[in-house]
Amino acid sequence: MSDEISLPGQCTGVGWDKDGDTLAMINDKTGVIFLWDANNQKTSQLDSGLRDTLTFLLWSKVGQQLAIGTNKGNLLIYNHQTSRKIPILGKHTRKITCGSWSLQNLLALGSEDRTISISNAEGDTVRQASVRADPAEVQFSEMKGDERSTMGDNTVSVIIGHKTLFLYNMNDPENPIELAFQQRYGSIVHYEWYGDGYILIGFSQGYFVVISTHMKEIGQELFQARNHKDNLSSVAISLSLNKAASVGDNCIKIHDLSDLKEMYAIINLDDERGLDKLSWTEDGQLLAVSTKKGALHVYLTKLPMLGDCSNTRIAFLTSLLEVTVQDVVRQDSPLVISIDLEPSFIGLGPFHLAIGMNNRAWFYALSDDGAEKLKDREYLGTVQSIQLNADYAAVRFEGKVQLHVIERVRVVYGLETFIIEGDAAAPSADERDMRLFPEKEQKEARITDHAITVDFLVYSTNVGGLHYFYLEDWQFVNEYRHMVGIRKIFCDIAGTQLILIDDKSDGFVYNPVNDHITEIPNFSPTILGVLWDNSPHDKGVFIGYDEDKIFVYVYCKETVQVGSCLLVGMTKLPYGHIPILLYNGEVTLQTQSGKVATLTLSTHDYDVKAQSLQQTEMRSSLQKCIALHRFRDALMYCNAMNSNEAWHDLGKASLQCLEIDFAINVYRQIGDVGMVMSLNKIKGYEDSHQLAGYIAMFLEDFNLAQDHFLQSTRPIAALEMRRDLLHWDSALHLAKTLSPDQIPFISREYAQQLEFTGDYVNALSHYEKGITRHEETRDHDESCAAGVARMSIRMGDIRRGVQMALKMPSRLLKKDCAQILESMKQWSEAAILYEKGAYYDKGASVYIRSKNWAKVGELLPHVTSPKIHSQYAKAKEVDGQYKEAAQAYGNAKDWDNVIRVNLDHLHDPDEAVRIVRETQSVDGAKMVAKFFLKLADYSSAIQFLVMSKCNDEAFQLAQQHNQMETYAEIIGDDATHEDYQSIAVYFENERNHLLAGKFFYLCSHYPRALKHFLKYQGSDDGQALEMAIETVGKAKDEVLTHQLIDYLMGETDGIPKDAKYLFRLYMALKQFREAARTAIIIAREEQNAGNYRNAHDVLFSMYQELKKNKIKIPTEMNTNLMILHSYILVKIHVKRGDHLKGARMLIRVANNISKFPSRNLLLLWVTLSMPFAMTNVNYIVPILTSTVIECHRSSLKNSSFSYAAMLLRPEYKNQIDLKYKKKIEQIVRKPDRTEDDELTSACPYCGFNLANTDLMCPECKNNLPYCVVTGRHMVKEDFSTCTNCDFPALHSELLALLDTEDVCPMCSEKINSENVKKLTDTTRYLHPDDVSEAEASGGGE
């Protein structure tokens, strides 16, 4: 207790002034005001001058005014600073009970007369309002509105009758608001304003309610809870802590204002039942609660935020007399150390803890077993901060730093005792015991901050000095002078990176290795502190923090920029928390309650399981990894995203940090061969500037690249880069100092670019500077001289330029100069240069422009341009030299003019017609047509009109001169439908049904075309029927089809037509099955007529059509074709003298004798040179006779006897030719049954051996394919086909046939033996049905 004051009566009011220096007190017995001065602890008395009882007292919030109210409603305003008293009598008519000062120094008073008055500091009434009941708890605040009030505290709030809350807005005095609450809440005990117009209200029944004063929310309860079961006596709010407290029953309950639903803390007072008032200190550190019995309980709500870290360990204050040391990374058990006093500073080292206050510090040795108190030490001033390493303590006080050893270690060795202080041996211990900084020569400097690492003591001064003191050598090793004073410094663990904050609140990163300093971008002036990340993987990451936010930065020493620092993100800092340690992106925070919490920075908050993320999330995580230079993690996201853009971002970032090998892997991943090769080439460079220069060049920062190259051991690389980039001004500037001998070559290249851009004056100058006149650079000098020649002409010095161009051997130079002269309309000089350069076409063209026809004629034999020949021809034609003109037009391929000259001037129509026919010239044809029209040669005129696409004129001419047939013949297939229709109508009118039908067909008028074809009666009616069939096939109209079929069947005129037309109709309609049946009928008729070849060809063509359309071949057709082909092969074998094969084929025919009529056999007889003069003879006898004779010739005696015996039957005997009758009778009388068995070969299906001519395998029952050359069945080993009809043939037999013949026996088409190949895969010939089905299935799919 500081003091005790006795009052004459019961205290009716007490209050502190705004500064906390003066305490005012009043009582109910006297009108004296007691004033207690906290500075000298003396009490003074002030007479109020008021004779009634003093009931109310309140100090102003912003001034020195003290308001005193009385029992009768009088008011006194006392100014403590000026001692002026202002009495205001009758302010109210009854007792003043409550009041409040505003921040604008207005005074609101409440009285038992049920009025509220608002007065200024002089006591003048500004506003007055009446209320329904006694007022209590008057307060000033600001109501929440859409716009901020200009007067600040604009609202007076007051409790009315302990039931309602009255809100009086001074901006709207006519419309006060009175808020009533639920009866179950009880009476209003107390209320507090907070935040943006919110009010916290406590009710007697224990309820705790929050409302808003915003007009849109008036009358709504934002939060309601019953904090206490029986009663609530008071509420209080601490804005500094952002906490609300309520007291009732026997406990205090504390809520966080940001989340009122959550209970922050509960304080139970088990021994107290009459808890009364509750109040926080301004800073929220203390919470006091009084009781009705006169007790006062004070609670510490927040500890002083003291803490320090060393590597991954932290030390922090957990209570006023307790420090906890904890390793937050290893998660070891915390070490709790009890201390003897409340400290004002804490320092932590690897093995020691220091705490202290004022000018004294206590040191503790830390071990796994606990903490041992070592010693205490006093310093020459109040300690501001202390820093420790393993051996030393560095203490800052009053602008100085004292460095001393923490503890001495005694080591006994033999008979000697050594004292080791830190890591120093005894001989130097005295020197190192203590050192005071700054040095004497730095008297004007005051140390503003310091740090100690394993090896260095670093301190900053108010004059901008930054000093590194090396502990090992006990001397300064580095000093840096900043432009302004330095306020704070923050070292990393090793001391090789340091952040300084200067007096301008700007932040910088300092690298003591190279004295390079980098300004920290977007550095907030409100930053309170900085922490480096102590993780070995994030050495360049640090944070700066203020009261609300954490700013995350990344610093990289080895970059293309020579040290770069980037802001990579911000994280919200929880209220009342202070960062104490940063490790691997996690910040350890010290809380006001003496605990620690962990916060992951938003920049480090990404999921390492990339596959589970969406594309946008992966992109965001990738950017975080790249920003933090965590390239290995970024690689994982790039692999998952597989995006070229992502790979490029990663590659560029790794290059910025000179991670060459990693960048190579990245660019190899995306296939950037050029970048990989370039990086492989430079990755071995040891010169960091040279390496950074190339990287900057790859990243297209050329100015930075040049700076690096010039600082490297190979500065010439800067010149090479500028030359490659065509930065010629920079290249010339660099060449003057780096390589003067390159200036001529750079000048030439610069001149070429200037010439290209049109700067001829400077180009000429640089070309002239580029000439060296050295023999070894002859080509270079010639190039420069050529440039001088071109630029001289450009600049108007034509004579000089032309002379130089003529002297030099370059054809290209002559061409370039000639083009320039031509653009300047200097025709003669340009033509001369073109001619001398052997550019004859261009030369002749320019000579033509200058009308120098003589020179044109000289160059003409060398000219290839048709345009020039044409121009020359026109000139000759004007001169009347028509033959030369025609020749020149011909050289120019201008055939129309050649034709015109021949017709108009040379009178040579034959030549003109020849040219028209050769060139098909439309315009030429018109000219020739007009020529023939003049001569009345209408047929020729029509022909050339058609050729000239003048079909209408040709039609009219043909119509006029009865030449329509000629026109129709000439027009061919190149006319339009309208042309065809016009011709058809003409012939229709002329009753020429054949031509009318033809042209109606061509213009797609199929019904009219068919009508005319069927009407046609003439010698070539077969052509009309063929055209009719084609018409129906094209029309695909059922009516037309039936109409034609009726005509062919004779239904129309009673005359059936040849069946071949019906066959062709079916073929045209693609009705192949009907066509097949018709083909068989036709073949039979052809056989009956003796036309075996025709019958064979009909069946063959039908066979091919069916095969082409993948329709199964009818068995009857296949058999008939085989018999007819066997019959045809007889003649071929006999002709070749192979009677055995002929006999075998005759045996096959004889066995199918029913297929051949008698007339056919007679023809066969004639074929075999066996004259037969019988009429109406039985068809069996001739074929059997032929078979007997051929079998006898081939020594097939048994077969010959069999067929001879058949002939001597009574029904055939008299029909035998007398010439062979005796021979046949002799064969029968003297039978010779000897006959060799027919040779056999393997069945191509099953391999069974059967006779060569058998076409049915008795083993597998398959019909065997036959050879079109021999008639024998096919074998797999000798399989080939005709290259035209694709019918099978024995490969050896086909080649033997082609030695004497060149056509296929089946299709009669020529075969080239070179194209005949032996087949290995015979599936499509042995199993054609399976192949067709497979093809159909494949096509369907």
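Our structure's up above, just so we're on the same page.
Residues numbered from 1 in each chain as written. Predicted model: local features only at pLDDT ≥ 70, side-chain atom pairs only at ≥ 80, totals over all residues. Heavy atoms only, no water.

## Let's talk about helix H1 (residues 615–627)
Because the α-helix completes a turn every 3.6 residues, residues three or four places apart line up on one side. Here H1 is 13 residues long and its end C-alpha atoms lie 18 Å apart, about the 18 Å a rise of 1.5 Å per residue gives. Among all positions of H1, only Met618, Ser621, Leu622, Cys625 and Ile626 are buried. Here the buried residues of H1 occupy an arc of 135° about the axis, which is enough to place them on one side. Elements in contact with the buried residues of H1: helix H2 (631–641) and helix H3 (644–656). Histidine 629, located one to two residues past H1, shows a positive phi value of around 60°. (Helix = DSSP H or I, 4+ residues; strand = E, 2+ residues; numbered from the N terminus. Expected span 1.5 Å × (residues − 1). Buried < 20%, exposed > 50% of the residue type's maximum accessible area, 1.4 Å probe, protein only. Arc of directions from axis to C-beta. Contact = heavy atoms within 4.5 Å.)

## Overview of the side chain of aspartate 308
Relative to the helices and strands, aspartate 308 is located in strand E28 (residues 307–310). Here aspartate 308 occupies a buried position and makes no salt bridge, while the nearest side chain of opposite charge, arginine 313, is found at 11 Å. Among the polar contacts made by the side chain of aspartate 308, one reaches the main-chain amide nitrogen of leucine 348 at a distance of 2.9 Å. When near neighbours in sequence (up to four residues on either side) are disregarded, aspartate 308 contacts Arg313, Ile314, Ala315, Ile346, Gly347, Leu348, Ile386 and Ile580. (Lys, Arg positive; Asp, Glu negative; His and termini not counted. Salt bridge = Lys/Arg side-chain N within 4 Å of Asp/Glu carboxyl O. Polar contact = N/O pair within 3.5 Å; in protein donor to acceptor, adjacent residues only side chain to side chain.)

## Things to note about the pattern of salt bridges
Using the criterion set out here, one finds 30 salt bridges in the structure. A salt bridge links aspartate 1232 to lysine 1197; the nearest nitrogen and oxygen atoms lie 3.6 Å apart. Within this pair, whereas aspartate 1232 is found in the loop between helix H40 (1218–1229) and strand E57 (1240–1242), its partner lysine 1197 is found in helix H38 (residues 1197–1207), the two being separated by 35 residues in sequence. Assessed through its relative accessible area of 32%, aspartate 1232 is described here as partly exposed. The exposure class assigned to lysine 1197 is partly exposed, which follows from its relative accessible area of 22%. Salt bridges sharing partners connect three or more residues here, namely Arg619, Glu645 and Asp649.

## Regarding the sheet that holds strand E49 (residues 516–519)
To summarise the sheet geometry, strands pair through backbone hydrogen bonds and adopt either a parallel or an antiparallel arrangement. Spatially, four strands are ordered E46-E47-E48-E49 in an open sheet, and the strand pairing comes out antiparallel. Every interior strand has two partners, whereas the edge strands, strand E46 (486–491) and E49, have only one. Adjacent strand axes in the sheet meet at a mean angle of 25°, parallel and antiparallel pairs treated alike. As defined by bridge partners, strand E48 (residues 507–511) adjoins E49 across four bridges and the pair is classed as antiparallel. For phenylalanine 508, the partnering residue across the bridge sits in E49 and is glutamate 519. (Pairing = 2+ DSSP bridges. Axes fitted to C-alpha atoms, helices over the stretch in contact; angles between N-to-C directions.)

## A short note on the packing of aromatic side chains
Inspection of every chain in the model, using the stated rule, returns 27 aromatic pairs. Where phenylalanine 469 meets phenylalanine 476, the ring centres are 5.3 Å apart and the plane angle is 75°; that geometry is what we call edge-to-face. The class for phenylalanine 469 is buried, based on a relative accessible area of 0%. Considering the side-chain rings of tryptophan 532 and phenylalanine 542, the 5.0 Å spacing of their centres and the 50° angle between planes classify their relative orientation as tilted. Of the two residues, tryptophan 532 sits in strand E50 (residues 529–532) while phenylalanine 542 sits in strand E51 (residues 541–545), which places them 10 residues apart along the sequence. Of the two residues examined, tryptophan 532 and phenylalanine 542, each falls in the buried class. A cation over an aromatic ring shows up here: lysine 243 above the ring of tyrosine 264, its NZ or CZ 4.3 Å from the ring centre. The ring of tyrosine 839 has arginine 811 lying over it, and the distance from NZ or CZ to the ring centre is 4.4 Å. (Phe/Tyr/Trp six-rings, centres within 6.5 Å; stacked < 30°, edge-to-face > 60°. Lys NZ or Arg CZ within 6 Å of the ring centre and 35° of its normal.)

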